[in-house]
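What the coordinates show
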Amino acid sequence: PLAPDEAINNCGLRMLQPPEAEAGMDFPPGYIPSDLPKRTRFKLAGNGVTPPVMQWFCGRLLQALEAAA
């Protein structure tokens, strides 16, 4: 068995790259400009509301408004 330090160092994890994080948040390719610094791209992707979530939210809001009318 590996020592704990060896297991951590050999686990094979890596940081996601900005395009992977953006895709994971369901942003289309190129939606966040690629010429921005990596940190900025991560921040924009992480602080964004993905299109499917916003579509769901707006749909529920419209249902509530129609029910209240």
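Quantities reported herein were computed from a predicted structural model and do not represent experimental measurements. (Residues numbered from 1 in each chain as written. Predicted model: local features only at pLDDT ≥ 70, side-chain atom pairs only at ≥ 80, totals over all residues. Heavy atoms only, no water.)

1. Here's the deal with unusual backbone geometry
Applied cut-off: For helices the rule is a DSSP run of H or I covering at least 4 residues; for strands it is a run of E covering at least 2, with both sets numbered from the N terminus onward. Categorising residues by exposure relies on relative accessible area from a 1.4 Å probe, with only protein chains included: less than 20% of the type maximum marks a residue as buried, more than 50% marks it as exposed, and the intermediate range marks it as partly exposed.
Residue Asp26 is not a glycine yet carries a positive backbone phi of 70°. Among the structural elements, Asp26 can be located in the loop between helix H2 (18-24) and helix H3 (38-47). Owing to a relative accessible area of 41%, Asp26 belongs among the partly exposed residues under this scheme.

2. Things to note about the confidence of the model for the protein
How we decide: A score between 0 and 100, pLDDT records how confident the predictor is in each residue.
Of the residues in the protein, 91% reach a pLDDT of 70 or more, and the chain-wide mean stands at 86. Per-element mean pLDDT across the protein ranges from 70 in helix H1 (residues 4-9) up to 92 in helix H4 (residues 51-68).

3. Here we look at the pattern of salt bridges
Oppositely charged side chains can form a pair if their charged atoms are brought close together. For the record, the criterion: A pairing counts as a salt bridge when a side-chain nitrogen of Lys or Arg comes within 4 Å of a carboxyl oxygen of Asp or Glu.
Overall, the coordinates contain 1 salt bridge when judged by the stated rule. Salt-bridge contacts for Arg41 lead to Glu22; the nearest nitrogen and oxygen are separated by 3.0 Å. Separated by 19 residues along the polypeptide, Arg41 in helix H3 and Glu22 in helix H2 bring together distant segments of the chain. Judged by its relative accessible area of 11%, Arg41 falls in the buried class.

4. Overview of the packing of aromatic side chains
Using the following cut-off: Aromatic rings from Phe, Tyr and Trp, taking only the six-membered ring of Trp, are treated as a pair when their centres fall within 6.5 Å; an angle between ring planes under 30 degrees marks them as stacked, one over 60 as edge-to-face, and anything in between as tilted.
Under the counting rule described, the total for this entry stands at 1 aromatic pair. Their ring planes at 15° and their centres at 5.3 Å tell us that Phe27 and Tyr31 sit as a pair that is stacked. For Phe27, a relative accessible area of 10% gives the class buried.

5. Observations concerning a nonpolar patch on the surface
For clarity, the cut-off: Any residue with relative accessible area above 30% and no salt bridge may belong to a patch, with like charges joined within 9 Å and the nonpolar Val, Leu, Ile, Met, Phe, Trp and Tyr side chains within 5 Å. To be clear on the numbers: accessible area is Shrake-Rupley with a 1.4 Å probe, and residue cover counts the displayed protein chains and nothing else.
Judged by side-chain polarity, Val49, Val53, Met54, Trp56, Phe57, Leu61, Leu62 and Leu65 come together as a nonpolar surface patch covering roughly 800 Å² of accessible area. With respect to the element layout, Val53 can be found in helix H4. What makes Val53 partly exposed here is its relative accessible area of 46%.

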